[in-house]
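Chains, contacts and geometry: an overview
So the chains spell out like this:
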Amino acid sequence: MRFRDRADAGRRLAARLLPYRGGEVRVLGLARGGLRVAYEVAHALEAPLDVWVSRRIDVPGRLPVLGAVSEGGGISLDRDALQALGLAEVEARSLARAEASEVDNQVQRLRGTSEPAVGGCTVLLVDDGLVSGATALAALQTLRRRRPARLVLGVPVGTPHGLDRVRPAADAVHCLEVLPAMRDVAEAYDDFRPLPDVELRQLLVRAREPVQPREVLESTDLGGFWM
């Protein structure tokens with residue numbers, strides 16, 4: 001299975017997640033690309049949409065990924081990665097602090113100071129795919145502390161390793177396509193262009209508007225971004 005773009009992936013994922021429609025459901029898209037996928041899920045489920053920010057902790061030019069930091073103060077470190085890279089935990093936490101600062105900046109740019117209210121809700125966390133699972137894991141662990149009634153992860157594509165890492169942190173994980181050899185999520189997409197902040201903010205604004213019939217939404221001139 002290949003996806004034309006994130007909108008296509010979101011529509012296919014939404015079909016899998018339709019059983020969650022109704023009740024106290026909130027859809028959170030992981031910035032950046034996950035928000036575009038999540039927009040389609042929220043539209044299909046007629047659920048509120050918001051953004052959640054989580055960033056990988058990398059050693060430039062080296063693999064594996066050390067872990068990730070999430071808004072809300074979450075940090076997830078991969079002990080096996082630390083050992084493989086020969087890094088002490090204090091060094092990894094120094095890298096994490098730098099990424100945490102960028103997380104805070106991105107939250108301010110996209111959403112401001114307000115945090116999504118997820119307590120007692122079914123939370124569907126959506127990303128455009130996962131390889132290491134680091135960013136989704138950090139986000140799930142942080143969201144769990146907000147006491148949602150149920151915490152669900154949905155992705156169009158993932159690796160067995162990444163999915164195994166995130167399953168213990170979620171009540172359910174839905175993945176349309178498992179690709180063992182995938183090294184970058186872009187491999188599963190024909191169009192995987194970066195999404196600038198302005199487009200992400202537009203997604204959030206449009207998600208708050210009344211739901212339109214699909215044919216009206218797709219015929220609206222939105223410069224190709226929404227298609």
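Basis of the calculations
Residues numbered from 1 in each chain as written. Predicted model: local features only at pLDDT ≥ 70, side-chain atom pairs only at ≥ 80, totals over all residues. Heavy atoms only, no water. Pairing = 2+ DSSP bridges. Helix = DSSP H or I, 4+ residues; strand = E, 2+ residues; numbered from the N terminus. Salt bridge = Lys/Arg side-chain N within 4 Å of Asp/Glu carboxyl O. Buried < 20%, exposed > 50% of the residue type's maximum accessible area, 1.4 Å probe, protein only. UniProt positions renumbered as here; feature names shortened; annotations may be inferred. Phe/Tyr/Trp six-rings, centres within 6.5 Å; stacked < 30°, edge-to-face > 60°. Lys NZ or Arg CZ within 6 Å of the ring centre and 35° of its normal. Polar contact = N/O pair within 3.5 Å; in protein donor to acceptor, adjacent residues only side chain to side chain. Contact = heavy atoms within 4.5 Å.

**Brief notes about the pairing of strand β3 (residues 62–70)**
- Here 5 bridges tie strand β2 (residues 49–59) to β3, and the two strands are oriented antiparallel to one another. Following the sheet pairing, Val59 is matched in β3 by Arg62.
- Between β2 and the antiparallel strand that follows it, β3, lie 2 residues; Gly61 among them carries a positive phi value of about 80 degrees.
- As judged from the 4 bridges shared by β3 and strand β4 (residues 74–77), these two strands associate in the antiparallel manner. Bridged to Ser70 within β4 is Gly74.
- Connecting β3 to the antiparallel partner β4 that follows it, the hairpin turn spans 3 residues, and Gly72 within it adopts a positive phi of roughly 85 degrees.

**Some details on the pattern of salt bridges**
- Counted according to the given criterion, the structure contains 20 salt bridges.
- Of the charged contacts, one joins Glu46 and Arg21 as a salt bridge, the two residues approaching to 2.9 Å between their closest N and O atoms. One end of the pair, Glu46, is in the loop between α2 (33–45) and β2; the other, Arg21, is in the loop between α1 (6–17) and β1 (25–31), and 25 residues separate them in sequence.
- The exposure class assigned to Arg21 is partly exposed, which follows from its relative accessible area of 46%.

**Details of helix α5 (residues 134–144)**
- When you tally the buried positions in α5, you get 9 out of 11 residues, the bulk of the element.
- If you check which residues of α5 are buried, you get Ala134, Thr135, Ala136, Leu137, Ala138, Ala139, Leu140, Thr142 and Leu143.

**Observations concerning the UniProt feature "domain: Phosphoribosyltransferase" (unreviewed entry) in the protein**
- UniProt marks residues 7–171 with the feature "domain: Phosphoribosyltransferase" (unreviewed entry), using the numbering shown here.
- Helix makes up 43% of residues 7–171 and strand 27%, and the two end C-alpha atoms of the span are 25 Å apart.

**Side note on the packing of aromatic side chains**
- The full count for this structure, using the stated rule, is 2 aromatic pairs.
- Plain terms: the ring middles of Phe3 and Tyr189 are 5.5 Å apart, the flat faces sit at 40 degrees to each other, and that makes the pair tilted. Of this pair, Phe3 sits in the segment before α1 while Tyr189 sits in the loop between β7 (172–178) and α7 (197–207); the two residues are 186 residues apart in sequence, bridging distant segments of the chain.
- Taking the centre distance of 5.0 Å and the plane angle of 40 degrees together, the rings of Tyr189 and Phe192 count as tilted.
- Since its relative accessible area comes to 3%, Tyr189 is described here as buried.
- By the ring-pair criterion, three or more aromatic residues cluster together here, those being Phe3, Tyr189 and Phe192.
- Here the basic side chain of Arg6 rests over the ring of Phe192, its NZ or CZ set 4.1 Å away from the ring centre.

**Remarks on the side chain of Arg6**
- Here Arg6 is to be found in helix α1.
- Among the polar contacts made by the side chain of Arg6, one reaches the side chain of Asp128 at a distance of 3.1 Å.
- A polar contact is formed between the side chain of Arg6 and the backbone oxygen of Arg193, at a distance of 2.8 Å.
- Setting aside residues up to four positions removed in sequence, Arg6 forms contacts with Gly33, Arg36, Val37, Asp128, Tyr189, Asp191, Phe192, Arg193 and Leu195.

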